[in-house]
Structures are given as structure tokens and as C-alpha cells.
Amino acid sequence: MFRNYLKIAFRNISRNKVFSFINIFGLAIGLTVSIIILVYVKHELSYDKFHDNYSNIYRLGISQAQGENIEFIAITSPAMGPDLSKELPEIKKFVRIFSSGGGIYTLNDENYESRNLVYADSTFFEVFSFDLLTGDPKSVLKSPNSIVLTESLANKIFKDVNPVGKQLIYNGDMNLMVTGVAKDPPGNSHFTFDALLSFNTFSEQEGFYGRWDGNFSYYTYLELQDGINMDELKLKMEDVFYENLNIHIESMGWKILPILEPIKDIYLKSELQYNIGKTGNIKMVYIFIAIAIFILLIAGINFMNLTTALSIKRIKEVAVRKVIGASRRRIIAQFLNESILISFIALIIALIFIETFMPGFNGMFNKELRLYTISNIDLLVSIPVIVILLGIISGSYPALIMSGFKPVSLMKGLIIHRKSKFSLQNILVVFQFVISIVLIISTTIIYFQINYMTNKDLGFNKENLLVVSLHSEKSVENSDVIRDRFIQNTNIINSTVASAFPANGLTQNGYRPEGSDLSMMFHALYVDFNYINTLGLEIVKGRSFNHDHPTDADKLLINETLANEMGWDDPIGKYIERNGKQEIIGVVKDFHFTTLNQVIAPLIITMKPQKSMIISKVKDNNLKETLEYMENEWVKLTGDNTFKYYFVSDIHDRLYKTDAKFGEIILAFSALAIFIACMGLFGLTAFITTQRTKEIGIRKSLGASAFSINKLILKQFINIVLVSMLFAWPIAYYAMNNWLQNYAYKINLHLGYFLIASVIALIIAIVTISYQSFKAARTNPVESLKYE
């Protein structure tokens, strides 16, 4: 019997090639998008769950409050982890990590670059489940100057030689002993590394500040005992914070409290500032899940509508089968088998599409997603079940309707005039276009927001700013000389030594402004005389630092936000105190020194030395020769053959890369959604025109023009699209208004975005409908009147 069902199903598919193709292709696209998104979502939700004891691992963060101002940050002081672990038996182990960025390793006079060196406590491999290939987990990071290399970095430096026990020179002046090799961190870790250096390498150095009340630069992770009461633990931690910190700062209006973040929530859900490594966005995951469901629904609705349209052509077939004794159950089974068969054909095509398009998706999001992995076994098992359910649900409506009519009604074609069927189909089409219009509106708003961020005036000129990192002691010592040599080149407009450039945030320190009894946290930027001119910052009051005023080394510049927060109309001559009073000599026009997700905060610019980089403003022309000159001068003055540079504009572009890629993905999904919806509209138009064939023939016989007939058909579907707009607009407004809250600086939602998207959807619908309606309108009325 099953074989007979298959034969009939294949025969019916081959008889209606166009409709079957639309059905299969639309469903294949829907399945492709949905499966790729499911793989992506599963990967995002898996972050940091590879650690054996991830449910007991928490990151310690802090909330620091001064009056009504509260900040939530992920960094801690170095004493917090050890002291909490000592005082509280609920804490099993702690580990602190500190990312120092890149550096240069030297072996046998050959230099090798490292981009991600992390300092870590000796408990690192006991708390975390990163694979240590060689070495003892308890001792590899115990001694000062011990380093663990990742497998890829070890192979890069030592080739096939076992590196354990070998020595390396780091940044030209630090001797390190390789004590282990670790497997490269997996892609679903919220922080990564290419080398680990023992924490006490620098914590035991002279000048290291290891107390509670300063040096907030470290990420502290705590492994807790099983089955503890988290509320009680937090209260105990607050007591330890009070005894060691708050008792000393409460008189200044400060209060710092602990925050415990489950490690499994850090990547997607952390709202703390200064996160280490990459972060995701749980809202984006929810949006992608919604898109997967909606596109699959659109494809399923198409399937149902087109299957219904095809079933009308089979009225006599069903009637004859019922007359010769076919039961309702057998007719339902036949329709459902055909639907399930089409679903599985679509699945086969979708699996081919997935292999084709997954690399492009991975490239956009910098992922390495694959469908066929052990971790996706549950997904692989559930996909066929989903496809069967999709086939049953999509085929159930025509199966139940067609099998329920009496043979006489079927033979006479009386069911064609039942209007209830049309209302359901129209509702489904409205639903399709609501989703499509919401996606088009969202794409439009995302595009304009990203364009706004890309082109917004940042308050400084980011173009042609070239940054050279000072990654060794010798380069720091000679930084002023290197800067001056750079400026001697006519292709270099200006050059400056500084602690940072405006991009994704600056360090913070406590200061006491004039007229205040309390210390306040301000961002700080350490510069030289050339910084303001090199970056093109604008002085709005007072003056900038000047070579002719040597005492400027003890002066300050502030930004407009700091002056406004202090209520200073004229801040020139006022002082801000930190290790002595420093006079304010100028006010810099506000500029963005972090992403546009955050408002501009109070900023102090000081000449106190903290040299991390040389920033040079270069000319567009002869860039190759300029770089060669800079590299030659660098090598002469540092003896370091590794010349590392990058452009500020590239860093800024990367800051919004995720948002841009998100916009591109939404655009692609919107295009697919409207394409699938139009395929369904095409099929439904064919269905309607087929049902009204005789009516069209009569109208033409009575003198109706092709245009009037086309208008008649268009009117029905245009009304459907217009109704869809009424539902889509408030949904899109709510979704996009919520999304824009992620940005401190954003576009205003106005009617134009909604009108643009709706007009696009309307034009696409009209073009889609017009093909079938004009085709029906041009049909010979004699042929139309003969139609049964």
C-alpha cells in the first residue's frame, strides 16, 4: 500500500511541475535558513560549557557606587580573589587572569609574534578545562617566568621540537621557561589565549600594587563548592568587601559590592563594562530564533496554500476514488504522504544548500559552524521529525477538506464557491506579508543606524592615523626620539606618544575636583605636546599643551562633559587633585573615546607619562615609502626587527563589524522571506484566477478590458498587503525601538522608514500578481467558458 501511495505521489508531483517546484524550492529555502540558524544558536548557547565544572564557576565583578552614579564592571583588584578564597570556605579555588595583548618571542635570533598573551594563576588548569597536552596542571604556572604555549604557537616557534624546558626571550628583555603546551582554546570560550604566563611573574615584581583599593585590571574567577546557598554567599562576600575596602572609602561617598556572574552567561548575557575577549548578544540570538521560525512558517504557509490550490485540480480524482470505495482515511493518508514526500525532497535540497552557504555564513560571523558534528547529534535526529511534522501540518488542511466532501459535491465542483477557505488562505498570506514587511522595515532601520555610526562626527579625525605599538622597554625608553625621527619625514604630518587612541575605552582613576569633598572616577588619557594637533581635537576654552610652557607637564585638559558635570562655566584655573593639585588650562570639545553604544563620559587629559604607542598622522601618497622609512628608524633605535603598526580607522571599522554583519544577515533573510512569500502569492494568484476562469471569460465576452480584469484581481491582493502593513508597523516599531536602546547615539524612528519598506513590499507584490492576472486576462474567452 505504501508503494502505491508513493507512485501516486510522484505522479501528482510530475503532473504539476511548476507548483511542485515552487513548493519544494520554497520549503528547501525555509529549511536551509532554519537549520543554519539552529546550528548558530546552539553554538552561541554552548559558550564555556565545555568546562567540566562550569555550573560552579563564576566571574567576580563589582558595582561601584558614588551617590546615584553606579558602574558595573568586570575587572577587580588583585587582592580580591585570594582574600575571598581565604575567608570563605564556600570558595574552592580562585584564578586571576590579565590580558597583556601581543608581544614578540625570540628564539635563536628569530622573532615570532604573539597576539594574545594572558597572565594566569597556577590554578588556571584546575579551575578551567582547557586541555594541557604536556606539563603538570598544578605546577606549569607556579614559578615566575613560566610560560605555557598553545599548540599552534609552539609549532610556529619550535616546529617539531618538544618546547618543554626550552627558553624564550619575550619583548627583548624577559627570559621565560616553557613549562607546558596546551591545546588551542575552543571557539566557544569567551576568552582565548595563545600563551599563558605565570601570574607571579609580575605580581612579585617591585612596584606591583596588590591591595584592594587600586590596580583594577584583573579578571577573577571563583570555583564554588557544590550545593551552596548563593544568597548567603553574597552576604558573606559583602562583609569581606566592607572589612577590606568599604570601611576605608565610605567616608568619601563610595561603596563597592561584589557581583557573581555564572561563566556560562558571560558571553551572551553579561552587562558589565570592560569584558575580556569577545561577547555575543542574547537579543541577537532571540532575533535569529524568531527569524528561523518565521521563515519556516512562511514556507509552510506557501506549502499549505499551494497544496490547496493543487487539490482543487484533483476534485474529480478524489470524487471517483470515493465513488469506488476509497475511505476518508485513505484519501487523507494519500494527501499527507504527498506532503511528507515533498518535505523530504525539500530537506535533501536544503542539506545541499547548507553545505553550499554555511562557509559564507561562517565568514560573516567569524565562526566555524558545522552541521555534522557529535555536538549536533540531537539536532540531526530532530530534523527529520520536524520535516515530518511540517509535512503533516502543511498537508492536513487540504487533506481534511477534500476528504470531507460528498462525491456529488465534488463532481459538481460546488466546493469551489466556499468562501471560508479563501478567508483562511488570505489570513495566511497576511501573516506572510506581516513577517516580510517587519523584516524589510528592520533592515532599513539597521542600515541607517549603521550608516549613522559609520559617518558620525567622532570629534577627531580618524583617517590616516597610524599606530605603532611600544612593546618593549627599549622602545618605551626611546619613544620620544622615535617620534621626532618620524616627524622629520615630509610624508608624516605629525606624531605623538600616548597611552591610547580613541576607540573602545580608556582607563579610569579616582580624582578630587575643586569644590568637592569626594573623589570621583574620571577617564584618563596620557599624552604629549603633539597629541591634540595630531588627532585634530578642538580646544573650546583656554589653551592646549605647549612646548614653550615646560610646566604644562603638571597641568590638565578636561572635556566638555566633565566641565558640565561639575557645573563649571569657566573651569580654566581650577584644579583637580590626584597625588597633588593639577591646574586645568583648557577644555577639549567632546569626542568619542569609546563606542557609540556609550555616552561620552568625563575625561582628563594629562601629560603624566604612560607610553604605550606612537600615533602618526601620515599623508595618503607614498604610503609604502613612508612605512619603509618608519620601519628603518624603528629598527635603528630599538634594535627590534618586528615593526607592528595598524590604522585607527581599521580599528573603528572593526568595532561595528558585528552590527554591520548583523544588518547584512537581516537583509539576506528579509530578501528570502519576501521571495518565499511572493512564491506563495504567485501560487495563490494562480489558484484564484483558475477558480475565476469562467467569470473572467464572461466578463471579457461582455466587453471588459484586460486592464479592468487585471485591476479586479490586483485589488484583492493589494488589500491583503495593506492590511499586512497595519499589523507590521507596530510590531516593527516595538522591535526596532528596543534594538536601538543598545546605542547611546542613534537615529530617530520616523514614518519614512516604514513607508519605504511598505512601498517596496507593495511593488514586489504587484509585480508578482500581475504576471498571473495579465495571463488570465489575455486568455481567449471561448477557452475560459469551456473550462471546468
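Just so you know, these numbers come straight off a predicted model, no measurement behind them.

About the thresholds
Residues numbered from 1 in each chain as written. Predicted model: local features only at pLDDT ≥ 70, side-chain atom pairs only at ≥ 80, totals over all residues. Heavy atoms only, no water. Core = buried A, V, L, I, M, F, W, Y, C linked by side-chain atoms within 4.5 Å. Buried < 20%, exposed > 50% of the residue type's maximum accessible area, 1.4 Å probe, protein only. Helix = DSSP H or I, 4+ residues; strand = E, 2+ residues; numbered from the N terminus. Contact = heavy atoms within 4.5 Å. Phe/Tyr/Trp six-rings, centres within 6.5 Å; stacked < 30°, edge-to-face > 60°. Lys NZ or Arg CZ within 6 Å of the ring centre and 35° of its normal. Pairing = 2+ DSSP bridges. Salt bridge = Lys/Arg side-chain N within 4 Å of Asp/Glu carboxyl O. Axes fitted to C-alpha atoms, helices over the stretch in contact; angles between N-to-C directions. Parallel < 35°, antiparallel > 145°, perpendicular 65-115°, else oblique. Left-handed = near helix turned anticlockwise from the far one by under 90°. Nonpolar A, V, L, I, M, F, W, Y, C, P; charged D, E, K, R; others polar. pLDDT = per-residue confidence, 0-100. Arc of directions from axis to C-beta. Polar contact = N/O pair within 3.5 Å; in protein donor to acceptor, adjacent residues only side chain to side chain. Patch = residues over 30% accessible without salt bridge, like charges linked within 9 Å, V, L, I, M, F, W, Y side chains within 5 Å. Areas by Shrake-Rupley, 256 points an atom, 1.4 Å probe, with all protein chains shown as cover.

Draft legend 1. Main features of the nonpolar core. Counting 122 residues, the largest nonpolar core has L31, F288, L525, F591, I605 and I615 as its most contacted members. Broken down by element, this core gets its largest block of residues, 14 residues, from helix α14 (residues 419-455). Dropping the residues within four chain positions of it, L525 is found in contact with S499, A500, L506, Y531, F591, L603, I604, I605 and T606. With 49 residues, the next largest nonpolar core counts A120, F125, A182 and F241 among its residues.

Draft legend 2. Fine view of the packing of aromatic side chains. Within this structure, the stated rule accounts for 40 aromatic pairs. With 5.5 Å between their ring centres and 65° between their planes, F128 and F191 make a pair best called edge-to-face. Of the two residues, F128 sits in the loop between α4 (124-127) and β5 (132-134) while F191 sits in the loop between β8 (174-182) and β9 (195-198), which places them 63 residues apart along the sequence. Taking the relative accessible area as the measure of exposure, F128 reaches 2% and is therefore buried. Relative to F593, the ring of F591 lies with its centre 6.1 Å away and its plane at 70°, an arrangement referred to as edge-to-face. Chaining the aromatic ring pairs together yields one cluster made of F50, F124, F125, F128, F130, F191, F193 and Y221. One Lys or Arg, K456, reaches over the ring of Y745 and ends 5.1 Å from the middle of that ring. One Lys or Arg, K581, reaches over the ring of Y575 and ends 4.4 Å from the middle of that ring.

Draft legend 3. View of the pairing of strand β15 (residues 520-526). Burial within β15 is extensive, with 6 of its 7 residues counted as buried. Here strand β14 (residues 508-513) pairs with β15 via 4 bridges, running antiparallel. Note on β15: the bridge partner recorded for N509 is F522. If you look at the hairpin formed by β14 and β15, you'll find 6 residues sitting between the two strands, and G515 has a positive phi there, around 90°.

Draft legend 4. Seen up close, the pattern of salt bridges. Going through the model one piece at a time under the given rule, you end up with 20 salt bridges. Residue E538 is joined to K589 by a salt bridge in which the shortest nitrogen-to-oxygen separation is 3.9 Å. In this pair, E538 is assigned in the loop between α17 (531-535) and β16 (539-542) and K589 in the loop between β19 (581-588) and β20 (603-606), connecting sequence segments 51 residues apart. K589 sits in the partly exposed class, given a relative accessible area of 37%. For E633, the salt bridge goes to K636, with nearest N and O atoms at 3.5 Å. Note that E633 and K636 are positioned in helix α19 (residues 623-638) at a spacing of 3 residues, about one turn of the helix.

Draft legend 5. Representation of the packing of helix α16 (residues 479-487) against α19 in the model. It is the contact of α16 with α19, at a shortest axis distance of 10 Å, that shows an interaxial angle of 150°. Viewed along their axes, α16 and α19 adopt a mutual orientation that is roughly antiparallel. Crossing of α16 over α19 shows right-handed handedness. Every residue of α19 that contacts α16 at V481, I482, R485 and F486 is listed here: Y629, M630, E633, W634, L637 and T638. Residues that form the contact of α16 with α19 fall into these classes: 7 nonpolar, 1 polar and 2 charged.

Draft legend 6. Focus on the confidence of the model for the chain. Per-residue pLDDT for the chain has a mean of 83; in total, 89% of the residues score no lower than 70. Within the model, the stretch residues 416-422 combines pLDDT values under 50 with 14 contacts to residues more than four positions away or in other chains.

Draft legend 7. A look at helix α3 (residues 80-87). Residues of α3 that are buried: M80, G81, L84 and S85. Projected down its long axis, α3 shows its buried positions confined to an angular sector of 120°, all on one face. Residues of α3 that are buried sit in contact with β1 (57-66), β3 (91-107), β10 (219-224) and α7 (230-249).

Draft legend 8. Up close: the sheet that holds strand β22 (residues 645-647). Read across the sheet, 4 strands follow the order β13-β21-β12-β22 without closing on themselves; strand pairing throughout is antiparallel. Where the open sheet ends on each side, the last strands, each with one partner, are β13 (492-498) and β22. Between one strand and the next, the sheet's axes are offset by a mean angle of 25°, whatever the strand orientation. In the sheet, β13 pairs with strand β21 (residues 613-618) via 6 bridges, with the strands oriented antiparallel. Paired with A498 across the two strands is M613, which belongs to β21. The strands that helix α20 (residues 648-655) touches are β12 (465-469) and β22; relative to β22, the one it contacts most, it runs at about 65°.

Draft legend 9. Quick look at α16. Restricting attention to buried positions, one finds in α16 the residues S479, I482, R483 and F486. The arc enclosing the buried residues of α16, seen along the axis, measures out at 100°, which places them on a common side. Elements in contact with the buried residues of α16: β12, α15 (473-477), β13, β21 and α19.

Draft legend 10. Fine view of the packing of α3 against α7. Relative to each other, α3 and α7 sit at 125°, their axes nearing to 11 Å. The orientation of α3 relative to α7 falls into the category oblique. In the packing of α3 onto α7, the handedness of the crossing is right-handed. Residues M80, D83, L84 and E87 of α3 pack against M237, V240, F241, N244 and L245 of α7. Here the contact of α3 with α7 is built from residues that sort into 6 nonpolar, 1 polar and 2 charged.

Draft legend 11. Representation of the environment of S519 within the structure. Relative to the helices and strands, S519 is located in the loop between β14 and β15. Judged by its relative accessible area of 18%, S519 falls in the buried class. In this structure the C-alpha to C-alpha distance between S519 and G253, which are 266 residues apart in sequence, comes to 8.1 Å. When near neighbours in sequence (up to four residues on either side) are disregarded, S519 contacts Q66, M252, W254, Y511 and R512.

Draft legend 12. Representation of the pairing of strand β17 (residues 555-559) within the structure. Within β17, 5 of the 5 residues are buried, which leaves the element mostly enclosed by the surrounding structure. Alignment of β17 against β19, held across 5 bridges, turns out to be parallel. Opposite K555, over in β19, you have E583 as the bridge partner. One ladder, built from 3 bridges, connects β17 with β20; its direction is antiparallel. Counterpart to I558 in the pairing with β20 is I604.

Draft legend 13. Structural view of the environment of G277. Position of G277 among the secondary structure elements: in the loop between α8 (263-269) and α9 (282-312). In sequence terms G277 and Y267 are 10 residues apart; their C-alpha atoms lie 8.9 Å from each other.

Draft legend 14. Representation of the side chain of S442 within the structure. With respect to the helices and strands, the residue S442 is situated in helix α14. Classification of S442 as buried rests on a relative accessible area of 7%. Here the side chain of S442 touches V438 through a polar contact of 2.8 Å, landing on its backbone oxygen.

Draft legend 15. Fine view of a nonpolar patch on the surface. Together, Y286, I289, I293, F294, L297 and F431 make up a nonpolar patch on the protein surface, roughly 520 Å² of accessible area in all. Ranked by residues supplied to the nonpolar patch, first place goes to α9 with 5 residues. Tracing the chain through its elements places F294 in helix α9.

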